[in-house]
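The chain contents come next:
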Amino acid sequence: MKVLVLNGPNLGRLGKREPSVYGSTTYADLVAMCEAAGAELGVEVEVRQTDHEGEMVQWLHEAADQKWPVVLNAGAWTHYSIAVRDAAAQLEAELIELHISNVHKREEFRHTSYLSDISTAVVAGLGVAGYPLAIRWLAERASA
Ligand code: DQA
């Protein structure tokens with residue numbers, strides 16, 4: 001089994017980007033954390049990040065074709081991208097929408113999600129710790 005962890009715009013700057021909101025863990029640390037969770041659980045985990053919407057759409061098509069479950073932090077695209085939603089809607093395995101911050105405690109425009117109603121679950125506000133938890137849930141579900 002493989003879990004694809006997809007990160008959208010600005011998430012490559014984790015650690016440097018608004019640390020009071022997103023914490024001091026770097027993107028490289030996040031990748032290592034996700035891979036370690038996969039190694040512990042015996043599942044392959046691949047982590048990607050892009051600032052380009054079309055690339056994200058293509059990765060979601062790949063995940064749909066491969067029937068891979070996806071943990072998706074679409075960043076700002078969450079709140080307005082119908083293209084990312086339409087691509088995510090084609091997934092055949094689970095989709096976990098993830099946010100490092102609790103978007104519901106933040107600005108009004110972050111309360112709208114184009115992904116939540118097509119997602120299996122939403123994780124928000126647990127910081128980067130949400131990623132290994134989402135991976136664990138997917139791994140346990142696959143082996144159940
Ligand atoms: C985010 C929340 C979004 O509102 C924001 O645009 C991001 C990151 C989060 O992980 O908390 O880029 O998805």
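Quick caveat: nothing in here was measured; it's all calculated off a predicted structure. (Residues numbered from 1 in each chain as written. Predicted model: local features only at pLDDT ≥ 70, side-chain atom pairs only at ≥ 80, totals over all residues. Heavy atoms only, no water.)

A.B. asks: Sorry if this is basic, but what is going on with the confidence of the model for the protein chain here?
C.D. replies: Note: predicted coordinates in regions of low pLDDT should not be interpreted at a detailed level. Per-residue confidence for the protein chain gives a mean pLDDT of 97, with 100% of residues at or over 70. In the predicted assembly, ipTM is 0.99 and pTM is 0.97. (pLDDT = per-residue confidence, 0-100.)

A.B. asks: Got a minute to help me understand unusual backbone geometry in this structure?
C.D. replies: In most cases, non-glycine residues show a negative phi, while peptide bonds are predominantly trans. One non-glycine residue, Glu-18, lies in positive phi territory at about 30 degrees. Here Glu-18 lies in the loop between strand 1 (2–7) and helix 1 (19–22). Given a relative accessible area of 42%, Glu-18 falls into the partly exposed group. A positive phi angle, near 60 degrees, is found at Lys-67, a position not held by glycine. One can find Lys-67 in the loop between helix 3 (53–66) and strand 3 (70–73). (Helix = DSSP H or I, 4+ residues; strand = E, 2+ residues; numbered from the N terminus. Buried < 20%, exposed > 50% of the residue type's maximum accessible area, 1.4 Å probe, protein only.)

A.B. asks: Looking at this model, I keep getting lost on the pairing of strand 3. Mind explaining?
C.D. replies: Each regular strand displays side chains that alternate between the two surfaces of the sheet. Residues of strand 3 alternate between two faces, with Val-70 and Leu-72 on one and Val-71 and Asn-73 on the opposite face, all of them buried. Bridge count between strand 1 and strand 3: four bridges; the pairing is parallel. In the sheet register, Asn-7 faces strand 3, and the bridge partner there is Asn-73. Relative to strand 4 (residues 95–99), strand 3 is paired through three bridges, and the arrangement is parallel. Counterpart to Leu-72 in the pairing with strand 4 is Glu-97. Since strand 3 and strand 4 lie parallel, the crossover through helix 4 (residues 82–88) that links them has a hand, and here it is right-handed. (Pairing = 2+ DSSP bridges. Right-handed = clockwise from strand over helix to strand, strands pointing away.)

A.B. asks: Just checking my understanding: could you explain the packing of aromatic side chains for this structure?
C.D. replies: Any two aromatic rings considered together are summarised by their centre-to-centre distance and by the angle between their planes. Evaluation of the coordinates by the stated rule reveals zero aromatic pairs. Over the ring of Trp-68 we find Lys-2; its NZ or CZ atom is 4.3 Å from the centre of that ring. (Phe/Tyr/Trp six-rings, centres within 6.5 Å; stacked < 30°, edge-to-face > 60°. Lys NZ or Arg CZ within 6 Å of the ring centre and 35° of its normal.)

A.B. asks: Explain the UniProt feature "site: Transition state stabilizer" (unreviewed entry) in the protein chain to me, please; I cannot follow it from the model alone.
C.D. replies: In the UniProt entry, the feature "site: Transition state stabilizer" (unreviewed entry) is given for Arg-17. With respect to the secondary-structure elements, Arg-17 resides in the loop between strand 1 and helix 1. If we skip the residues at most four places from it in the chain, Arg-17 touches Pro-9, Asn-10, Leu-11 and Tyr-22. (UniProt positions renumbered as here; feature names shortened; annotations may be inferred. Contact = heavy atoms within 4.5 Å.)

A.B. asks: Got a minute to help me understand the UniProt feature "binding site: substrate" (unreviewed entry) in the protein chain in this structure?
C.D. replies: In the UniProt entry, the feature "binding site: substrate" (unreviewed entry) is given for Asn-73, His-79, Asp-86, Ile-100, Ser-101 and Arg-110. These annotated residues cover 38 residues of sequence, and their C-alpha atoms sit far apart, with the largest distance between any two at 23.8 Å. The annotated residues named above include Asn-73, His-79, Ile-100, Ser-101 and Arg-110 as those lining the largest pocket. Following the sequence through the fold, Ile-100 ends up in the loop between strand 4 and strand 5 (121–124). (1 Å grid on protein atoms, 1.4 Å probe; cavity = no way out; pocket = protein on both sides within 12 Å on 5 of 7 lines; lining within 4 Å.)

A.B. asks: I would appreciate a short explanation of the pattern of salt bridges in the present structure.
C.D. replies: Here the idea is simple: oppositely charged side chains can pair when their charged atoms come close. Under the defined criterion, the tally for this structure stands at 11 salt bridges. Put simply, Lys-67 and Glu-92 hold a salt bridge, and the shortest N to O gap is 3.5 Å. Here the residue Lys-67 occupies a position in the loop between helix 3 and strand 3, and Glu-92 occupies one in the loop between helix 4 and strand 4, the gap between them amounting to 25 residues. Taking the relative accessible area as the measure of exposure, Glu-92 reaches 56% and is therefore exposed. Linked by salt bridges that have partners in common, Lys-2, Glu-44, Glu-46, Arg-48 and Glu-62 make up one network. (Salt bridge = Lys/Arg side-chain N within 4 Å of Asp/Glu carboxyl O.)

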